[in-house]
Amino acid sequence: IQRIFLLLLLLSTMACSKFEKLRKSGTDEEKYKAAVEYYNLGEYSKAGLLFEEVIPIIKGSNEQEMATFYQAYCDFHTGQYQTASFHFKQFAETFARSSYAEEAVYKSAYSLYKDSPNFNLDQASSLTAADALQNFVNNYPTSKYRDEASEIIKELRVKLETKAFEKAKLYYKTSAANIANYKAAVIAITNFQREFPDSEYLEEMAYLKVNSQYNYGINSFESKKKERFNETITFYQELVDKFPKSKYLKQCEKYYDF
């Protein structure tokens, strides 16, 4: 086992030495050929380094298109999704008539999706990815990637919806410590209702909106209470209209009858 390990270590060292020698003294043609070979072998880090070196030199040649396309995939396969998205987009713009242009546009959006974090983290990148994928579907309605893109958009929408739901609930849960959060909860819930009109959370959101507005009114100055209680009644009526058999109606009736 030790001899096998030493042999593998020796082969690895020789391969690295060969790669570094190629980078230092290889011709542009040799580097390009080696980059393609490394790419086909799945050694994307090495391929990416070589493509990065030769692309500025082979600009305008027949090899530039494929080198640029492969470079974007090298970024993608090594987990550099933001960079991959940029390079795929750059490829599609530079080689708009390429047979790979449509794939590049999709992969640019898909790379943004791969960079999207869990729902409990900031979702700015998820929103960007969803927009990019929706633009792709709109611009390429017959693409072979359309169905996959549509499914990913749904997945991202669920993530954005969950994040918005948890954000609104967090404002509500922390309102006892900070009265201003009752108002923030109402605003967040209103935004949620507008952005996700088919959400499974709408009933609970409608209830929390009534509850938050009522408590906001209770803790207001006397001069503001009437106005804020009237808004509570409006939100209660919206709950009744939207969910006439809601399990929250009895809990909200006391807010209506105060």
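All values reported here derive from a predicted model rather than from experimental measurement.

The rules behind these values
Residues numbered from 1 in each chain as written. Predicted model: local features only at pLDDT ≥ 70, side-chain atom pairs only at ≥ 80, totals over all residues. Heavy atoms only, no water. Helix = DSSP H or I, 4+ residues; strand = E, 2+ residues; numbered from the N terminus. Expected span 1.5 Å × (residues − 1). Buried < 20%, exposed > 50% of the residue type's maximum accessible area, 1.4 Å probe, protein only. Contact = heavy atoms within 4.5 Å. Core = buried A, V, L, I, M, F, W, Y, C linked by side-chain atoms within 4.5 Å. Axes fitted to C-alpha atoms, helices over the stretch in contact; angles between N-to-C directions. Parallel < 35°, antiparallel > 145°, perpendicular 65-115°, else oblique. Left-handed = near helix turned anticlockwise from the far one by under 90°. Salt bridge = Lys/Arg side-chain N within 4 Å of Asp/Glu carboxyl O.

## Comments concerning helix H8 (residues 146-173)
At step 1: In this model H8 runs 40 Å from its N-terminal to its C-terminal C-alpha over 28 residues, within 8% of the 40 Å that 1.5 Å per residue would give.
At step 2: Taken as a whole, H8 has its buried residues at Ala149, Ile152, Ile153, Leu156, Lys159, Leu160, Glu161, Thr162, Ala164, Phe165, Ala168 and Lys169.
At step 3: Looking at the buried side of H8, the elements it contacts are helix H6 (101-114), helix H7 (124-139), helix H9 (180-195) and helix H10 (202-218).

## A look at the nonpolar core
At step 1: Within the largest apolar cluster, 44 residues are counted, with the highest numbers of intra-cluster contacts made by Tyr32, Phe51, Phe88, Tyr106 and Leu133.
At step 2: The element contributing the most residues to this core is helix H4 (residues 64-77), with eight residues.
At step 3: Those residues in contact with Tyr32, other than ones at most four positions away along the chain, are Phe51, Val54, Ile58, Glu63, Met66 and Ala67.
At step 4: Counting 25 residues, the second largest nonpolar core, distinct from the first, contains Leu160, Val186, Met205 and Phe243.

## So, the packing of H6 against H8
At step 1: The interhelical angle for the contact between H6 and H8, taken along N-to-C directions, is 25°, at an axis separation of 12 Å. For the element pair H6 / H8, the angle class is roughly parallel. Note on packing geometry: the crossing formed by H6 with H8 is left-handed. Between H6 and H8, the contacting residues are Tyr106, Tyr110 and Tyr113 on the first element and Glu148, Ala149, Ile152, Glu155 and Leu156 on the second.

## Details of the environment of Ala168
At step 1: Position of Ala168 relative to the elements: it lies in helix H8.
At step 2: Overall, Ala168 belongs to the buried group, its relative accessible area being 0%.
At step 3: Sequence separation between Ala168 and Ala185 is 17 residues, and the spatial gap between their C-alpha atoms is 5.3 Å.
At step 4: Residue contacts for Ala168: discarding those within four places in its chain leaves Ala185, Ala188, Ile189 and Met205.

## Quick notes on the pattern of salt bridges
At step 1: Here the structure, examined in full by the defined rule, presents eight salt bridges.
At step 2: The residue Glu53 makes a salt bridge to Lys31 at a minimum N-O spacing of 3.0 Å. One end of the pair, Glu53, is in helix H3 (residues 44-54); the other, Lys31, is in helix H2 (residues 28-40), with 22 residues separating them in the sequence.
At step 3: The exposure class of Lys31 is buried, given its relative accessible area of 11%.
At step 4: Among the salt bridges present, the one from Asp147 reaches Arg146, with a minimum N-O distance of 3.4 Å.

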